[in-house]
Amino acid sequence: MVAVADGAGSAKYADVGSVLAARTAIEALDKKCLNGANFSENPLAELKEIVESARARLITESEQRGTPVRDFATTLLIAVIGVDWIAAAQIGDGAVLGGDSPENLHAITRPVASEYLNETQFLTSETAIADAQFAFEKGTIRQMAVFSDGLQMLCLKMTDASPHPAFFKPLFHFLNTATNSETAHKQLNSFLESPRIKDRTDDDLTLFLASVTEKGWEM
Amino acid sequence: MAQDIKLEEAVEFAENPEPRCPCVLLLDTSGSMQGEAIDALNAGLAVFKRDLMKDPLASRRVEIAIITFDNEIKVVQDFVTADQFESPQLKAQGQTFMGSGIQKALDLIQTRKTQYRANGIAYYRPWVFMITDGEPQGEPENIIQNASQRLKNDEHSKRVAFFAVGVEKANMQRLAEIVVRAPVKLIGLNFVEMFVWLSKSMEAVAQSRTDEQVALPPPGWGAV
């Protein structure tokens with residue numbers, strides 16, 4: 001399970017908002033799985049509950065601090081993988097991709113289509129739950145990628161949100177053959193900081209990759 | 001062997017057209033601008049191009065159009081990316097058909113958005129930056145009223161962000177009636193500083209690091 005949250009640049013406490021949203025979502029997910037919640041029975045309702053609890057946490061925080069909830073504006077992406085299914089929820093930009101091979105990824109959730117590129121939806125907005133994407137798919141998922149909006153122009157064909165295979169294939173190959181987790185993290189970080197990437201996007205970058213090998217899930 | 005994979009070299013990027021950041025410069029070239037004022041404006045425009053070019057993202061994403069208004073409305077420059085923009089040498093004469101100028105600017109933006117959508121190009125909220133040293137002159141009142149109403153509707157529906165700058169003897173009160181955002185009075189003829197600010201603001205938008213709130217009064221070059 002994974003949660004990614006990207007705080008809004010203009011929001012005063014966006015850093016707090018994004019951390020709280022992601023943490024609350026993971027805790028809620030964890031609790032559900034421990035309690036034996038069967039996602040495949042009622043996935044959309046389960047996802048909605050998790051997103052609502054993350055939103056409620058931000059409202060509580062804003063009340064405690066006496067500042068408007070929009071100061072905590074953040075996007076939120078969550079994804080859970082089961083034996084033969086994937087469930088995802090998303091408010092705002094970025095995407096959750098899944099597939100049975102790196103060449104065969106597709107968008108489970110996709111960047112939000114609003115008129116302007118720099119205006120997206122936030123968990124804190126009144127219509128967040130109504131506007132959110134909730135997705136559930138049955139099938140064997142062997143690869144998953146979750147990322148915030150900084151990378152979307154580089155790895156998706158934006159007109160139809162189709163993943164660019166030549167972006168993900170080398171990344172998953174790297175992930176599957178990495179022997180040392182710490183070194184792999186460092187290399188991935190330096191890739192995200194590289195001039196090629198920085199030349200195309202000035203955004204904060206978050207990328208989560210997960211892949212099944214014979215040893216189990218690599219992340 | 002895994003650590004030999006150089007990610008920077010192996011990973012390829014998807015081909016997406018650059019998102020565009022459209023900006024219309026709506027410029028008063030009426031008779032009163034003759035002399036120092038129009039010279040300073042021309043110099044400022046050259047600085048605008050030069051400054052945008054310093055930022056690789058902005059030079060590819062910012063699109064500039066120039067419309068002048070005096071007795072005529074002229075599209076001196078239709079939308080072009082910053083790297084292809086050649087700053088013009090404008091001349092001043094005649095009255096101030098501001099209402100018609102505003103309509104032309106809003107028309108140009110509407111057409112551009114249709115072109116973007118037809119070609120699958122993402123874009124940011126367009127800006128209009130109007131500079132005047134006077135007030136509307138020579139047009140019937142209803143022309144100005146219609147233009148102002150359209151501008152207000154567009155601002156309200158977030159179709160455009162419209163900024164007005166008054167120079168020298170500009171009628172700031174009249175301007176404030178026509179536009180939505182508080183007009184800014186340029187200090188002296190400090191177009192250079194103003195255009196540097198504008199290019200930095202466009203760069204910030206092109207990096208999608210701002211939403212629609214732009215900080216005014218701007219530091220240094222103007223007063224509200």
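Worth saying up front: this structure is predicted, and the values here are computed from it rather than measured. (Residues numbered from 1 in each chain as written. Chains lettered and ligands numbered in written order. Predicted model: local features only at pLDDT ≥ 70, side-chain atom pairs only at ≥ 80, totals over all residues. Heavy atoms only, no water.)

Here's the deal with the overall build of chain B
Helices and strands together make up the secondary structure of chain B, namely 7 helices and 7 strands. Secondary structure elements of chain B occur, N-terminal to C-terminal, as α-β-α-α-β-β-α-β-α-β-α-β-α-β. Relative to its length of 224 residues, chain B is compact, with a C-alpha radius of gyration of 19 Å against a globular reference of 17 Å. Seen through its principal axes, chain B has C-alpha atoms that stretch 75 × 35 × 30 Å. Across the 224 residues in chain B, those meeting the buried criterion constitute 55%. Put simply, 77% of the contacts in chain B that link residues at least 6 apart link residues at least 24 apart. Element-wise, carbon and sulfur atoms account for 49% of the exposed surface of chain B, whose accessible area totals about 9,600 Å². (Helix = DSSP H or I, 4+ residues; strand = E, 2+ residues; numbered from the N terminus. Rg over C-alpha atoms; globule rule 2.2 N^0.38 Å. Buried < 20%, exposed > 50% of the residue type's maximum accessible area, 1.4 Å probe, protein only. Contact = heavy atoms within 4.5 Å. Areas by Shrake-Rupley, 256 points an atom, 1.4 Å probe, with all protein chains shown as cover.)

Details of the confidence of the model for chain B
Here chain B averages 89 in pLDDT, and 92% of its residues register 70 or above. If you check the scores for this complex, the pTM reads 0.77 and the ipTM reads 0.82. (pLDDT = per-residue confidence, 0-100.)

Examining the interface of chain A and chain B
Interface size is often expressed as the accessible area that is lost when the parts come together. Contact residues are listed per partner, giving 38 residues for chain A and 36 residues for chain B. Carbon and sulfur atoms supply 52% of the area buried between chain A and chain B, which totals about 3,300 Å² over both sides. In this assembly, chain A and chain B are joined by 2 salt bridges. Residues Lys113(B) and Glu115(A) are paired through a salt bridge, measuring 3.2 Å at the closest nitrogen-oxygen approach. For the pair chain A and chain B, the number of links is 13 residue pairs in polar contact (both at pLDDT 80 or more). Breaking the side of chain A that touches chain B down by element, the ones donating at least two residues are helix H4 (152-155), strand E8 (156-157), helix H5 (165-177), helix H6 (181-192) and helix H7 (195-198) of chain A. (Buried area = accessible area lost by both parts, 1.4 Å probe. Salt bridge = Lys/Arg side-chain N within 4 Å of Asp/Glu carboxyl O. Polar contact = N/O pair within 3.5 Å; in protein donor to acceptor, adjacent residues only side chain to side chain.)

Remarks on the packing of aromatic side chains
The way to describe two aromatic rings as a pair is by their centre distance and the angle between their planes. Per the counting criterion, the structure on display carries 12 aromatic pairs over all chains. Measuring from centroid to centroid gives 5.9 Å for Tyr116(A) and Tyr123(B), while their planes differ by 75°, and the two rings are edge-to-face. Pair noted here: Tyr116(A) is in the loop between strand E5 (105-109) and helix H3 (128-131) and Tyr123(B) is in the loop between helix H4 (98-118) and strand E4 (127-132), and the two residues belong to different chains. With a relative accessible area of 2%, Tyr123(B) lands in the buried category. A connected cluster of aromatic rings, assembled from ring pairs, spans Phe147(A), Phe167(A), Phe168(A), Phe172(A) and Phe13(B). The positively charged end of Arg196(A) is found above the aromatic ring belonging to Phe13(B), 4.3 Å away from the centroid. (Phe/Tyr/Trp six-rings, centres within 6.5 Å; stacked < 30°, edge-to-face > 60°. Lys NZ or Arg CZ within 6 Å of the ring centre and 35° of its normal.)

Let's talk about the sheet that holds strand E5 (residues 161-166) of chain B
What holds strands together in a sheet is hydrogen bonding between their backbones, with the strands either parallel or antiparallel. Residues and elements named next belong to chain B. Judged by pairing direction, the sheet is mixed, and its 7 strands sit side by side in the order E3-E2-E1-E4-E5-E6-E7 without closing on themselves. Two strands lie at the open edges of the sheet, namely strand E3 (73-81) and strand E7 (222-223), each paired on one side alone. Sheet topology note: the strand E1 (residues 21-28)/E4 ladder contains 5 bridges and is parallel. Each bridged residue has a counterpart across the sheet, and for Val24 the counterpart in E4 is Val128. Against the sheet, helix H7 (residues 191-206) makes contact with E1, strand E2 (62-69), E4, E5 and strand E6 (184-186), and its axis sits at roughly 170° relative to E4, the strand it touches most. (Pairing = 2+ DSSP bridges. Axes fitted to C-alpha atoms, helices over the stretch in contact; angles between N-to-C directions.)

Focus: the pairing of E5(B)
Residue and element names in this part refer to chain B. By the criterion of burial, E5 is predominantly enclosed, with 6 of the 6 residues buried. Alternating residues of E5 divide into Ala161, Phe163 and Val165 and Phe162, Ala164 and Gly166, and every residue in both groups is buried. Of the strand pairs in this sheet, E4 and E5 are connected by 6 bridges, and their pairing is parallel. Looking at E5, one finds that Met130 is bridged to Ala164. Running through helix H5 (residues 141-156), the crossover from E4 to the neighbouring parallel element E5 is right-handed. Summarising the sheet, E5 and E6 pair through 2 bridges and their orientation is parallel. Its bridge partner being in E6, Val165 is matched across the sheet by Val184. (Right-handed = clockwise from strand over helix to strand, strands pointing away.)

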